[in-house]
Amino acid sequence: AGARGGRVDTSWRQAQFLMRDPTGFLKALNNFKDKVDKGLVPKKNFSNVQPLLEKGTLRPEAFDSPKAAAAPHLCTFVVNIMAYVDVYEVVAPKKVAALQAQRAANEAVTAHAAALAEKAEAEKLVSELSAQHERVCAEAVSAQAEAASAQSRLVLATRLSGSLAAEAPRWSA
């Protein structure tokens, strides 16, 4: 199938036409893997070649002739591209899965970092509140001690006042 899905001429005459410019043909062969990687080659093309591989028609040694010196190399190229496509069919989904897993891992790392930052902020707040609690408790203990001391002085002052009041008649006479 062609790039637009139409039928492609697979005749020997068409092959000769494509190979008339060896430099351009070699460049096209060198760029073919990139086209496969980008999904620019219809899958039907590979399924059309598969029966030829299974029959052994594309064995390089089958074309060992001085008149067709490039044929064994072209067969090797086709065999290798087909092997590459088979591997690529397996590897491409794994690459996608690996990228998705990497994104998920990055998101998890980001979420973990955010959680650690929140934890650190919470620990800081707990530390500040604990210090404040300790200060308030110390102030409360100090206030209780001061209140106990004041109560003790009040009791003493009340007793002194009561004693002095009992002596008032004696001092007024």
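Here, the structure is the one placed above.
I will try to describe carefully the structure that is included in this document. The model shown is predicted, which means the values in this text are computed figures rather than measured ones.

Once that is clear, we can look at the pattern of salt bridges. Counting across every chain of the model gives 4 salt bridges. A salt bridge links K33 to D37; the shortest N-O distance between them is 2.8 Å. You can see K33 and its partner D37 sitting in helix α2 (residues 22-37), 4 residues apart, about one turn around the helix. By relative accessible area, which is 35% here, K33 ends up partly exposed.

Because each turn of an α-helix spans 3.6 residues, side chains separated by three or four positions in sequence point in the same direction. Compared with the 152 Å implied by 1.5 Å per residue over 102 residues, the 144 Å span of helix α4 (residues 71-172) between its first and last C-alpha is a close match. By the largest-angle criterion, A166 marks the main kink of α4, which is about 35 degrees, and a proline, P169, follows within four residues. Inspection of α4 places A71, P72, C75, I81, M82 and V85 among the buried residues, and these make up the whole buried set. Turning to α4, the residues buried within the fold contact α2 and α3 (43-55).

To continue, consider the packing of α2 against α4. For the pair α2 and α4, interaxial distance at closest approach is 10 Å and the crossing angle is 10 degrees. Considering their axes alone, α2 and α4 lie roughly parallel with respect to each other. Crossing hand, α2 versus α4: right-handed. For the pair formed by α2 and α4, the contact residues are F25, L29, F32, K33, V36 and D37 on the first element and L74, F77, I81, Y84, V85 and Y88 on the second. Its residues placed into classes, the contact of α2 with α4 shows 10 nonpolar, no polar and 2 charged.

The rules behind the values
Residues numbered from 1 in each chain as written. Predicted model: local features only at pLDDT ≥ 70, side-chain atom pairs only at ≥ 80, totals over all residues. Heavy atoms only, no water. Salt bridge = Lys/Arg side-chain N within 4 Å of Asp/Glu carboxyl O. Helix = DSSP H or I, 4+ residues; strand = E, 2+ residues; numbered from the N terminus. Buried < 20%, exposed > 50% of the residue type's maximum accessible area, 1.4 Å probe, protein only. Expected span 1.5 Å × (residues − 1). Bend = angle between axes of the 7 residues up to and from the residue. Contact = heavy atoms within 4.5 Å. Axes fitted to C-alpha atoms, helices over the stretch in contact; angles between N-to-C directions. Parallel < 35°, antiparallel > 145°, perpendicular 65-115°, else oblique. Left-handed = near helix turned anticlockwise from the far one by under 90°. Nonpolar A, V, L, I, M, F, W, Y, C, P; charged D, E, K, R; others polar.

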